[in-house]
Amino acid sequence: AQKVTQAQTEISVVEKEDVTLDCVYETRDTTYYLFWYKQPPSGELVFLIRRNSFDEQNEISGRYSWNFQKSTSSFNFTITASQVVDSAVYFCALSEAETSYDKVIFGPGTSLSVIP
Amino acid sequence: GAVVSQHPSRVICKSGTSVKIECRSLDFQATTMFWYRQFPKQSLMLMATSNEGSKATYEQGVEKDKFLINHASLTLSTLTVTSAHPEDSSFYICSARDHGSLYEQYFGPGTRLTVT
């Protein structure tokens with residue numbers, strides 16, 4: 001069973017629309033970290049956010065915001081007023097205390113296309 | 001911030017030959033480095049974990065004799081794909097963990113390997 005699920009394989013939005021990328025994770029650990037990464041066409045992973053399991057506060061960074069809900073094991077990512085430069089593949093990821101945080105488990109990714 | 005480099009960024013080799021990929025932590029010491037493989041339109045999968053001065057730990061299904069990993073110093077890990085075949089063509093990404101960090105991994109820009 002996948003530990004990190006990103007149900008949306010591909011999303012297309014028109015520029016300036018808001019878009020939410022879903023992430024559902026599965027773990028038996030009580031201590032873990034969740035991440036979001038952006039992978040533009042160049043291939044290089046861009047770190048966006050890290051959240052530990054004890055911090056359920058939502059976070060906003062510019063046009064980006066994250067909603068962490070342990071009750072539903074979700075860590076969703078919203079881009080407000082999307083721009084063409086947001087077009088990329090976005091990965092949600094999990095690392096667990098059980099593996100000493102060595103193993104970062106990536107979700108399958110969501111490919112976002114922002115159309116001008 | 002912490003920077004990880006990879007060399008080369010792209011490599012094309014003939015089937016049956018070996019190719020070496022380097023991963024360097026530029027401004028920190030990395031006792032642990034990780035190698036991931038990403039096939040086109042797929043997610044990143046951890047191949048192996050390398051610890052400085054000791055043998056690498058390979059994930060299930062990864063052939064250790066085919067993917068040789070050496071982590072001879074605190075700033076350098078190498079991945080050698082031996083007797084490469086077209087099915088080894090992939091995007092290889094390394095990450096490094098700062099000596100002082102429990103959970104933070106910094107990713108390199110990736111190496112695109114094409115085996116003809």
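Look a little higher up for the structure.
Residues numbered from 1 in each chain as written. Chains lettered and ligands numbered in written order. Predicted model: local features only at pLDDT ≥ 70, side-chain atom pairs only at ≥ 80, totals over all residues. Heavy atoms only, no water.

Novice: Requested: an account of the packing of aromatic side chains, with residues and values cited.
Specialist: Inspection of every chain in the model, using the stated rule, returns 18 aromatic pairs over all chains. Ring centres of tryptophan 66 of chain A and phenylalanine 77 of chain A lie 5.1 Å apart, and the angle between their planes is 5 degrees; on these two criteria the pair is classed as stacked. Of this pair, tryptophan 66 of chain A sits in strand β8 (residues 64-69) while phenylalanine 77 of chain A sits in strand β9 (residues 74-79); the two residues are 11 residues apart in sequence, bridging distant segments of the chain. The class for tryptophan 66 of chain A is buried, based on a relative accessible area of 3%. Aromatic pair phenylalanine 67 of chain B and tyrosine 92 of chain B: ring centres 6.4 Å apart, planes at 45 degrees, arrangement tilted. Placement of phenylalanine 67 of chain B in strand β7 (residues 67-73) and of tyrosine 92 of chain B in strand β9 (residues 90-98) is noted, with a sequence separation of 25 residues between them. Each member of the pair, phenylalanine 67 of chain B as well as tyrosine 92 of chain B, carries the same accessibility label: buried. (Phe/Tyr/Trp six-rings, centres within 6.5 Å; stacked < 30°, edge-to-face > 60°. Helix = DSSP H or I, 4+ residues; strand = E, 2+ residues; numbered from the N terminus. Buried < 20%, exposed > 50% of the residue type's maximum accessible area, 1.4 Å probe, protein only.)

Novice: So what about the sheet that holds strand β1 (residues 4-7) of chain B? Which residues, and what values?
Specialist: Residue and element names in this part refer to chain B. Taken together, the 4 strands give an open sheet; going across it, the order is β1-β3-β8-β7, and neighbouring strands pair in antiparallel fashion. Strands with a single pairing partner mark the edges of an open sheet, and in this sheet they are β1 and β7. Sheet twist, expressed as the average angle between the axes of neighbouring strands with direction ignored, equals 15 degrees. (Pairing = 2+ DSSP bridges. Axes fitted to C-alpha atoms, helices over the stretch in contact; angles between N-to-C directions.)

Novice: Any chance you could break down the state of the cysteines for me, citing the residues and the numbers?
Specialist: For the structure shown, the criterion picks out 2 disulfides over all chains. Covalently, cysteine 23 of chain A is tied to cysteine 92 of chain A through a disulfide, its sulfur atoms 2.0 Å apart. One quick way to see it: the torsion about the S-S bond of cysteine 23 of chain A and cysteine 92 of chain A is about -65 degrees, and its sign makes the bridge left-handed. In this pair, cysteine 23 of chain A is assigned in the loop between β3 (19-21) and β4 (24-25) and cysteine 92 of chain A in strand β10 (residues 88-96), connecting sequence segments 69 residues apart. In this structure, cysteine 23 of chain A and cysteine 92 of chain A share a single accessibility class: buried. The thiol of cysteine 13 of chain B is unpaired, and the distance to the nearest cysteine sulfur, on cysteine 94 of chain B, comes to 18 Å. Judged by relative accessible area, cysteine 13 of chain B falls into the buried class, the value being 9%. (Disulfide = S-S within 2.5 Å.)

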